[in-house]
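Topology and contacts: notes
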Amino acid sequence: MTRVILHLDMDAFFAAIEERQHPEYQGKPVIVGADPKGGYGRGVVATCNYEARKFGVHSAMPISRAYELCPHAVFLPADGEKYERVSQRIMALIRQYGRSFEQVSIDEIYLDITGARDPETLAKAIKKKICDAEQLTCSVGIAPNKLIAKMASEEKKPDGLTFVKPEETQAFLDPKPVRALHGVGPKTEERLQRLGLKTIADLRAQTREYLIKEFGKFGNDLYEMARGIDERPVVEEREVKSIGRQTTFEEDTLNRGLILKTLIDLAREAYQELIAQKFLFKTVTVTIRYRGFDTHTHSHTFKEPTESFAKLKAHALKLALPRIGGRPVRLVGVRVSNLAPPPLSPP
Ligand code: TTP
Ligand code: MG
């Protein structure tokens, strides 16, 4: 059966998260990465918004070069923990839309949506869901396999939606540069160029034997990719053993109200993922890291698996309460483990 695969990639992910938090950056180039130190900084750009891309700035570029190209940009350090939390919320939100779900990076997912009545409408619903919940845009590609779906999601960025039907795949591929294919980096591209192969159509005109002679096993992949063949399944990530959330305070804090409120927020987020993944839990663990990195974890295990948020919250607070107030707290976290699938409902 022809599959329908959806690939979703968030737009300018780290930069978009910073922008939504700081409306004052609107319309300005925003670059996330190493400290430019007035042009003498070391390290690289993690990402930048589309405004900064107009100046030629891109991911992995030396930050000193980015400063040369765009000195008036807003430069920000990457806050990996924050981006990870947003990522996890987005993943929890959309995994239910696929028969299977595969997260391939912090901002990128494949969903197998084979059987969906109207893939395009479904994609729009997913985009809207993310936009409503997180005020972030993404780009989506839908195609008969992962290879084409990923290329399709890159087709119209940002906020794009590209649907490549089976009968359209060859026309979609042919004019593209060989570089657009999965696994073709600058080196392979150069070798292909030397053989006079610039586009995927050029590549498709070669025999399987010739490509294998030139590129070994990868030659066979090239032969198949040029024809839009890719059988890789969408596979769920490894088994989930626990679900947790943690956060580092901007400054170490003694504020009990803030610490407890943060803990409840984290518990709620972990709980939402738990529900999305359809698990019960038996164990609640609270992590508290004090100033100086001294880290303590405390757990409570119920007799029976439960799905009660009230219990999760009550026990997280009970575990944390006697342990805060004395020393400034740097980080708190909540985790549920000993996960179990819910009991089968009676027939
Ligand atoms: P990408 O999806 O490659 O980039 P992006 O989301 O910023 O922009 P686009 O709209 O083109 O998708 O990567 C996702 C995040 O991963 C990105 O926001 C920052 C991080 N990243 C790095 O830290 N270093 C890198 O070299 C790349 C490519 C990404
Ligand atoms: Mg992205």
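Going by the structure above, here's the rest.
Figured I'd write up the structure that's included with this text. Fair warning: this is a prediction, and the values are worked out from it, not measured in the lab. (Residues numbered from 1 in each chain as written. Chains lettered and ligands numbered in written order. Predicted model: local features only at pLDDT ≥ 70, side-chain atom pairs only at ≥ 80, totals over all residues. Heavy atoms only, no water.)

1. Concerning a negative patch on the surface
A cluster of acidic side chains, namely Asp79, Glu81, Glu250 and Glu251, defines a negative patch on the protein surface. Within the secondary structure layout, aspartate 79 lies in the loop between strand S4 (74-76) and helix H4 (80-94). (Patch = residues over 30% accessible without salt bridge, like charges linked within 9 Å, V, L, I, M, F, W, Y side chains within 5 Å. Areas by Shrake-Rupley, 256 points an atom, 1.4 Å probe, with all protein chains shown as cover. Salt bridge = Lys/Arg side-chain N within 4 Å of Asp/Glu carboxyl O. Lys, Arg positive; Asp, Glu negative; His and termini not counted. Charge placed at Lys NZ, Arg CZ, Asp CG, Glu CD. Helix = DSSP H or I, 4+ residues; strand = E, 2+ residues; numbered from the N terminus.)

2. Some words on the packing of aromatic side chains
Taken as a whole and assessed by the stated rule, the structure comprises five aromatic pairs. A centroid spacing of 5.7 Å and a plane angle of 40° characterise the contact between tyrosine 67 and phenylalanine 75, whose relative ring orientation is tilted. Measuring from centroid to centroid gives 5.2 Å for tyrosine 271 and phenylalanine 309, while their planes differ by 55°, and the two rings are tilted. Here tyrosine 271 is found in helix H12 (residues 256-276), whereas its partner phenylalanine 309 is found in helix H13 (residues 309-320), with 38 residues between them in sequence. Residue class for tyrosine 271 comes out buried when judged on its relative accessible area of 18%. Each member of the aromatic cluster is reached from another via a ring pair, and the members are Phe13, Phe14 and Tyr83. Directly above the ring of tyrosine 50 sits arginine 53, whose terminal nitrogen or CZ lies 4.2 Å from the centroid. Of note, arginine 95 hangs over the ring of phenylalanine 101, and the distance from its end group to the ring centre comes to 4.6 Å. (Phe/Tyr/Trp six-rings, centres within 6.5 Å; stacked < 30°, edge-to-face > 60°. Buried < 20%, exposed > 50% of the residue type's maximum accessible area, 1.4 Å probe, protein only. Lys NZ or Arg CZ within 6 Å of the ring centre and 35° of its normal.)

3. Comments concerning the environment of lysine 313
Mapping lysine 313 onto the fold places it in helix H13. C-alpha separation for the pair lysine 313 and arginine 117, spaced 196 residues apart in sequence, amounts to 40 Å.

4. A word on the sheet that holds strand S5 (residues 100-105)
What the five strands build is an open sheet, ordered S5-S6-S1-S7-S8; its pairing is mixed. Each having just a single partner strand, S5 and strand S8 (161-163) make up the two edges of the open sheet. Averaged over all adjacent pairs, the angle separating strand axes in this sheet is 15°, with direction ignored. Sheet analysis places strand S7 (residues 138-143) next to S8, joined by three bridges and oriented parallel. Opposite isoleucine 142, over in S8, you have phenylalanine 163 as the bridge partner. Against the sheet, H4 makes contact with strand S1 (5-10), S5 and strand S6 (108-112), and its axis sits at roughly 160° relative to S5, the strand it touches most. Across the sheet, helix H6 (residues 146-155) lies against S1, S5, S6, S7 and S8, angled at about 145° from S7, the strand it touches most. (Pairing = 2+ DSSP bridges. Axes fitted to C-alpha atoms, helices over the stretch in contact; angles between N-to-C directions. Contact = heavy atoms within 4.5 Å.)

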